[in-house]
Amino acid sequence: MAWKILIVEDDAEAAAYMARGLIEEGHVVDIANNGRDGLFHASSGLFDLIILDRMMPEMEGIATLRALRAAGTMTPVLILSALGTVDERITGLEAGADDYLVKPFAFGELVARLSALMRRQRDDGSAAETRILVGDLEIDCLKRIVRRAGQTIDLQPREYKLLEFLARNADRVVTRTMLIERVWDYHFDPGTNVVDVHISRLRRKIDAGFAVPLLSTVRGAGYRLSADA
Amino acid sequence: MRLPRIPTTFRIAALAMLLVLCSNLALLAFIHIRTHNDRLTPLRQQVLADASALSDVYSSGGQDELKSTASDMLSADSSGLAIGIFDRSWNLKAGNILLPVSLRPERATNFEIAPIRLKDGRHGEAGVSVLRLGHRGWLVSGRLFGEQLTLQRAIERSLALALLLSFLFGIICALILAQFVRRRVAQIGQVVDQFGHGDLALRAPMDGSSDVFDRLAGRINGMFDRIGSLMAELRMLTDSLAHDLRSPVSRLRAKVERAMTTSEGGDREAELATVLQEADALMRILTTVLEIGRYESLSSRDQFSWIDPGEFLEEIGDLYGPSIDEAGMALEVIRQGPLLPIFGHRQLLAQAMSNLIDNAMVYGGCGGAITLFAEQKGEGQCIGVADRGPGIPPELIDRALARFGRLDEARGRPGAGLGLTLVQAVAHLHGGRLELASVEPGLRAMLRLPGSVAQQTLPLNEKLSGGFQQG
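Residues numbered from 1 in each chain as written. Chains lettered and ligands numbered in written order. Predicted model: local features only at pLDDT ≥ 70, side-chain atom pairs only at ≥ 80, totals over all residues. Heavy atoms only, no water.

1. Details of the packing of aromatic side chains
All names here are of chain B.
Then, number 1: Inspection of the entire model under this criterion finds 5 aromatic pairs over all chains.
Then, number 2: Here Phe180 and Phe213 contribute two aromatic rings whose centre-to-centre distance is 6.4 Å and whose plane-to-plane angle is 90°, an arrangement assigned as edge-to-face. Of this pair, Phe180 sits in helix α2 (residues 147-196) while Phe213 is found in helix α3 (residues 212-261), placing the two residues 33 residues apart along the sequence.
Then, number 3: Phe213 gets classed as buried once you look at its relative accessible area, which sits at 16%. (Phe/Tyr/Trp six-rings, centres within 6.5 Å; stacked < 30°, edge-to-face > 60°. Helix = DSSP H or I, 4+ residues; strand = E, 2+ residues; numbered from the N terminus. Buried < 20%, exposed > 50% of the residue type's maximum accessible area, 1.4 Å probe, protein only.)

This is the structure:
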């Protein structure tokens, strides 16, 4: 599915690098190289996603974002900034950003996050799913019951939360930092393999004894829950 | 209208002068009043009595009677009585006053002090009274000062001189004092100047008197010490940053080189993946250095919220439990006694705990158990991590806390020696501190958060909103 993406970024090289990658993925990309132009383009409401830098000439990223939200434009915004401390991230999210990614970043991480943003955008429109199906895995979000091939799987609360997040982003790559942020609500990089261990435990519970593994590791990027991994 | 600023040294000098003058004046005035009243009052009464008696004689018996009474009184007296009867143009008609030198007033005076000379040669100051005898002349009567009175007059003159001298001394004293203040301040100022020009070893001289100047010098030295240690830390930081970044950068370089010379597609990709890993690790070091600097200087508490220490530890334990388990260790969470809520930065506290757990997993490896604990200590609330590893000897604890500080045994392992420094920065941000203690066996790393952070039971904004609801 092709999205229309606006990149607001004053570093022409970085913008071109992102644009090239996103176009290869099949999306349509526009670039604005300062905050004011970015606000002007974004206000049109024609974009599915906005990637916003913070430190820019003419108009700073946070100010641009505030102006955009004040004008009622609710296009999902991902802030992409070198300002990476926890406080900076929270400032960005509080100003109305939907996600925050710190430079330098892995391109895979950017795509994974944009993808998750698009999925959330779609979900917000309709009522949240109460039952998720991934292959023969079935998640009942109200009763918090997980079954695979009709067989109930016993999960710890955190494991359930992890699985639900993966399932809501089924067929998409989910990165370790995304999991830390969304499942545990921590905005720092634990550095060690804590997430990997959680994933491998979850994998043992849902995949062990089944012919088709659902939870796969995407090298250098993250994980994916998918029926045809 | 603003008065022009008076220089402080001048003010001090003027004050000192004024004080000297005031104290001397008070002393002189006291002496003057005491002696003056004691001696002069009887003389004055005597002179007035003489004058009134003579005046009575004149009004009853006329000038002849007056003259005879006067000569009677003079011959009977031996203590310096002076009487003179003059005509209108001040020629002596009778009596013993020769030269009423300056004493030719246009009108009568009750009592005054004037120098006179008597016929028998005696002369000196006297208390005199001048009366008018109708239109025909003047009656001057008086008494020479006795020895004591003369002495007292001399004292009074000396007092006037003393006053003048005390004024002079006041000025001199003030100048010396001002000079002293100026010199002391200039000494300190000179040291500050030289320090400012880069001589960081210099300290303001202290004489141990603990007066204001000494205390000022002490405070300035305290500031110099702090600046000096910050500069030293900064220098050490940049040195060790450059030194410690050298090895990952050279590893990175070596890997890029190897990837360039590898022709096989698959191998090359694997090499590039390790390059990426190295770059990420490098990035993490830089991010941590930046964060430490930021947290050390951060004063805003925008992101602070109330945290239940028990829940907080459970959450951390939940994240780390499986990893600790995989590493062959056990995780336990111990909550001792009643816990106070912590007003703090959840993310940063979690990051700090995460670093402590990482350390415990790497260095506490052989012991088998990691404990997350929370306990109330004194006014404050403590949270921390304990392991059963070899611990750190007390003499090395400072080094373990320094930026890039790595104990020799840890040199071979991954890490940049920033973990504990970051934890310390987070503790400082909360107004607390990081304490390391070796407990047999193992290391106990504890974030001690102060009472003001932990003990306030109601957050301020809740109090405020409560107030609004009432009003």
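So that's the structure; there's more coming.
2. Re helix α4 (residues 86-94) of chain A
Then, number 1: Among the residues of α4(A), those classed as buried are Val86(A), Asp87(A), Glu88(A), Arg89(A), Ile90(A) and Gly92(A).
Then, number 2: Directly beyond the C-terminal end of α4(A), a positive phi value near 115° is found at Gly96(A).

3. Overview of the pattern of salt bridges
Then, number 1: What the rule picks out here adds up to 35 salt bridges over all chains.
Then, number 2: Across the pair Arg168(A) and Glu164(A) runs a salt bridge whose closest N-O atoms are separated by 3.0 Å. Taken as a pair, Arg168(A) and Glu164(A) lie in helix α6 (residues 157-168) at a separation of 4 residues, close to a single helical turn. Each member of the pair, Arg168(A) together with Glu164(A), is buried.
Then, number 3: Close ionic contact of Arg201(A) with Glu326(B) constitutes a salt bridge, the shortest N to O distance being 3.3 Å. Of this pair, Arg201(A) sits in helix α8 (residues 194-207) while Glu326(B) is found in helix α5 (residues 309-326), placing the two residues in two different chains.
Then, number 4: Counted as one network, the salt bridges with shared partners bring together Arg89(A), Asp99(A), Glu109(A), Arg113(A) and Glu181(A). (Salt bridge = Lys/Arg side-chain N within 4 Å of Asp/Glu carboxyl O.)

4. Re the sheet that holds strand β10 (residues 380-387) of chain B
Residue and element names in this part refer to chain B.
Then, number 1: The mixed open sheet is built from 5 strands, whose spatial order is β7-β9-β10-β12-β11. Because the sheet does not close on itself, it has two edges, and the strands there are β7 (330-336) and β11 (433-438). Across this sheet, the average inter-strand angle for adjacent strands is 15°, counted without regard to direction.
Then, number 2: Pairing geometry for β11 and strand β12 (residues 443-449), over 6 bridges, is antiparallel. Residue pairing for β12: Leu434 is matched across the bridge by Leu447. (Pairing = 2+ DSSP bridges. Axes fitted to C-alpha atoms, helices over the stretch in contact; angles between N-to-C directions.)

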